[in-house]
Amino acid sequence: MLGCVFEHETAEGLVAVELTEVEAYAGEIDPASHAYRGRTGRNAVMYGPPGHAYVYFTYGMHFCVNVVCMPEGSPSAVLLRAGRVVTGESLARERRTTRRPETAAPGKTSAPSVIPARDLARGPARLCQALAINRIQDGADLCDPVSPLRLRRSDSNVSGDSPAIAVGPRVGVSAAADTAWRFWRADDPTVSVYRPYKARTTRPTNHTDTNSVWTG
DNA sequence: CGTCGGATAATCT
DNA sequence: GATTATCCGACGA
């Protein structure tokens, strides 16, 4: 799948990326897979036919997209982690630009930060934001040429020349952290930065509000 | 350049 | 109630 084109056609226009980084999840035998504990409402699409999109919502604010890759009943998928934008760069940047509230003090000009091209789809959630992928696309057929969301071979580079592929552990997973099922184009600037899993201290929920009074 | 904490809510146990 | 296949801004070197 590295080097294939992943594209989404919407009313706003077409944004296409060339995939530079992917990650494999091997269904019910893989402790890091969403399907490890069996079928649920969220992972149902993974149990369906291959070539369809499995989109999930995570961290309370991000979407990630997978390609279902094994026959019906085998819930395996490949997470699309990063890509290089080849079509619709301005639209992708528009979607990726986080407009913050005007923090500029009176008399001062706020510096408009332009997102570098390499960062537009650098990371699984960024890729989804650049392509405007959300829950609606969960289950979409990626192999139907008529589908607005498609995965296809690149028009260029049909010569068979393929850049070197690097292999390493998956990003951000707590289980099976040493399994090297992440694949990326070596020396490509659009590949996401590796960050190992880091457990986070659960912020204590405020059970005792400030007005409660202990009478005992 | 690097590391670190916070945001934020669906999903699952 | 805990966990999470992440990202961004802040801060220090």
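Since this is a predicted model, take the numbers as computed values, not measurements.

A. Fine view of the environment of P50. Tracing the backbone through its elements, the reader meets P50 in the loop between β2 (13-25) and β3 (53-58). Look at P50 and you get partly exposed, because its relative accessible area is 40%. C-alpha separation for the pair P50 and A11, spaced 39 residues apart in sequence, amounts to 27 Å. Not counting residues up to four positions away in its chain, the partners in contact with P50 are V68, C69, M70, P71 and E72.

B. Structural detail: the packing of aromatic side chains. Summed over the entire model, instances satisfying the criterion amount to 2 aromatic pairs. Geometrically, the ring pair formed by Y54 and Y56 is tilted, given 5.7 Å between the ring centres and 35 degrees between the ring planes. For the pair Y54 and Y56, one class covers both residues: buried. With centroids separated by 4.9 Å and ring planes inclined at 55 degrees, the aromatic side chains of F57 and F63 adopt a geometry described as tilted. Sitting over the ring of Y25, R170 keeps its end group 4.7 Å from the ring centre. One cation-aromatic arrangement involves R182 over W184; the distance from NZ or CZ to the ring centre is 4.4 Å.

C. Representation of the nonpolar core within the structure. Grouped together as the largest cluster of nonpolar side chains are 29 residues, with contacts concentrated most on F6, V17, V65, L80, L127 and I133. For this core, the secondary structure elements donating two or more residues are β2, β3, β4 (62-68), β5 (77-87), α1 (89-96), α2 (124-130) and β6 (149-152). When residues in this core are grouped by element, the largest group, 4 residues, is from β2. If we ignore the near neighbours within four places in the chain, the residues touching L127 are F6, V17, L19, V65, L80, R81, A82, G83 and A121.

D. Layout of the protein's contact with DNA strand C. Near DNA strand C there are 24 residues, and of these N66, R96, R126, Y197 and R200 occur at the shortest range. For DNA strand C, the backbone makes up 51% of the atoms found within 4 Å of the protein, where backbone means sugar plus phosphate. Take Y56: an N or O atom from its side chain is 3.2 Å from a base nitrogen of DNA strand C. The separation between a base nitrogen of DNA strand C and a polar side-chain atom of R195 is 3.3 Å. Within the residue set of the surface near DNA strand C, elements represented by two or more residues are β4, β5 and α2. Here the element with the most residues in the surface near DNA strand C is α2; it accounts for 3 residues. For the surface near DNA strand C, the per-class residue count stands at 10 nonpolar, 9 polar and 5 charged.

What counts as what
Residues numbered from 1 in each chain as written. Chains lettered and ligands numbered in written order. Predicted model: local features only at pLDDT ≥ 70, side-chain atom pairs only at ≥ 80, totals over all residues. Heavy atoms only, no water. Helix = DSSP H or I, 4+ residues; strand = E, 2+ residues; numbered from the N terminus. Buried < 20%, exposed > 50% of the residue type's maximum accessible area, 1.4 Å probe, protein only. Contact = heavy atoms within 4.5 Å. Phe/Tyr/Trp six-rings, centres within 6.5 Å; stacked < 30°, edge-to-face > 60°. Lys NZ or Arg CZ within 6 Å of the ring centre and 35° of its normal. Core = buried A, V, L, I, M, F, W, Y, C linked by side-chain atoms within 4.5 Å. Near = heavy atom within 4 Å. Polar contact = N/O pair within 3.5 Å; in protein donor to acceptor, adjacent residues only side chain to side chain. Nonpolar A, V, L, I, M, F, W, Y, C, P; charged D, E, K, R; others polar.

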